[in-house]
Amino acid sequence: MTDRFRRLLAVTTGLTFALILLGVYTGAIGAGLTCNGRWPLCDGWLGLFPANWASFVEWFHRLVAMVTGFAILGSTYAAWRGGYSTRIKYAMGVATVVLPVQILLGANTIVNFGAAAQVLHHAAALTILVALVAATAWAYDGTATDAETRSETRASESTAETEPAPSSD
């Protein structure tokens, strides 16, 4: 397992946690309501640029969400292409599968602002975070890649075959 991959997972997990905190703040000040149900646009010049603080927070949340989404996709790609352990691959797969659902639920919080929309949006965010925390923890716990595990298993099997069995004298 490379340190570079571990750092990528740690940064992605940290970004996701920061995004959740920003999302809580965004919802708490009702920033999504500044969009008046016009998703993906919002208020301001041509519906693209913030007109006030709440609108800025909404747009900043979207920017951080986009960067975090690309970090999740990149981490998933690195996990699957790097031959890392199956549980890391599947944890990253869960995060990637839930990601588009999370985006749609985020849009729903603007169009249908309410408790149910917020709970679903945050539940999806926590699902992604749990998957990322698991993948990061597994990457740091010393678990070898699938290829390393197979080669170590083969090496230990060949060593066991060449060593004579202890005699019972």
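Residues numbered from 1 in each chain as written. Predicted model: local features only at pLDDT ≥ 70, side-chain atom pairs only at ≥ 80, totals over all residues. Heavy atoms only, no water.

A. Expanded view of the packing of helix H3 (residues 86–111) against helix H4 (residues 115–140). Between H3 and H4, the shortest axis-to-axis distance is 8 Å and the interhelical angle comes to 160°. For the element pair H3 / H4, the angle class is roughly antiparallel. Classified by chirality, the crossing of H4 by H3 is left-handed. When the residues that make up the contact of H3 with H4 are grouped by side-chain class, the tally is 18 nonpolar, seven polar and one charged. (Axes fitted to C-alpha atoms, helices over the stretch in contact; angles between N-to-C directions. Helix = DSSP H or I, 4+ residues; strand = E, 2+ residues; numbered from the N terminus. Parallel < 35°, antiparallel > 145°, perpendicular 65-115°, else oblique. Left-handed = near helix turned anticlockwise from the far one by under 90°. Nonpolar A, V, L, I, M, F, W, Y, C, P; charged D, E, K, R; others polar.)

B. The arrangement of the packing of aromatic side chains in detail. Scanning the entire structure with this criterion turns up four aromatic pairs. When the ring of phenylalanine 56 is compared with that of phenylalanine 60, the centres are 6.0 Å apart and the planes differ by 15°; the resulting orientation is stacked. In this pair, phenylalanine 56 and phenylalanine 60 both sit in helix H2 (residues 53–81), four residues apart, roughly one turn of the helix. Directly above the aromatic system of tyrosine 140 lies the positively charged group of arginine 6, at a separation of 6.0 Å from the ring centroid. Here the basic side chain of arginine 62 rests over the ring of tryptophan 59, its NZ or CZ set 4.6 Å away from the ring centre. (Phe/Tyr/Trp six-rings, centres within 6.5 Å; stacked < 30°, edge-to-face > 60°. Lys NZ or Arg CZ within 6 Å of the ring centre and 35° of its normal.)

C. How the structure looks around helix H1 (residues 3–28). For H1, spanning 26 residues, the distance from its first C-alpha to its last is 37 Å, which sits close to the expected 38 Å at 1.5 Å a residue. The elements touched by buried residues of H1 are H2, H3 and H4. After H1 finishes, the residue glycine 30 shows a positive phi value of roughly 70°. (Expected span 1.5 Å × (residues − 1). Contact = heavy atoms within 4.5 Å.)

D. Looking closely at the environment of valine 57. In this structure, valine 57 sits in helix H2. For the pair valine 57 and threonine 26, spaced 31 residues apart in sequence, the C-alpha to C-alpha distance is 6.3 Å. Residues within four places of valine 57 in sequence aside, it is in contact with Tyr25, Thr26, Ile29 and Ala31.

E. Quick look at the nonpolar core. By size, the foremost hydrophobic cluster in this structure holds 18 residues, and its most contacted members are Leu9, Ile88, Met92 and Ile128. When residues of this core are traced back to their parent elements, those giving at least two are H1, H2, H3 and H4. Here this core takes seven residues from H3, the largest share from any one element. (Core = buried A, V, L, I, M, F, W, Y, C linked by side-chain atoms within 4.5 Å. Buried < 20%, exposed > 50% of the residue type's maximum accessible area, 1.4 Å probe, protein only.)

F. A look at the pattern of salt bridges. Going through the model one piece at a time under the given rule, you end up with three salt bridges. Arginine 62 is the partner of glutamate 58 in a salt bridge, and the nearest nitrogen-oxygen pair spans 3.0 Å. Separated by four residues within a single helix, glutamate 58 and arginine 62 lie in helix H2, roughly one turn from each other. Comparing glutamate 58 with arginine 62 shows no difference in burial state: the two are buried. Across the pair arginine 87 and aspartate 141 runs a salt bridge whose closest N-O atoms are separated by 3.1 Å. Of this pair, arginine 87 sits in helix H3 while aspartate 141 sits in the loop between H4 and helix H5 (146–162), and the two are 54 residues apart along the sequence. Take arginine 87: its relative accessible area is 35%, and that puts it in the partly exposed class. (Salt bridge = Lys/Arg side-chain N within 4 Å of Asp/Glu carboxyl O.)

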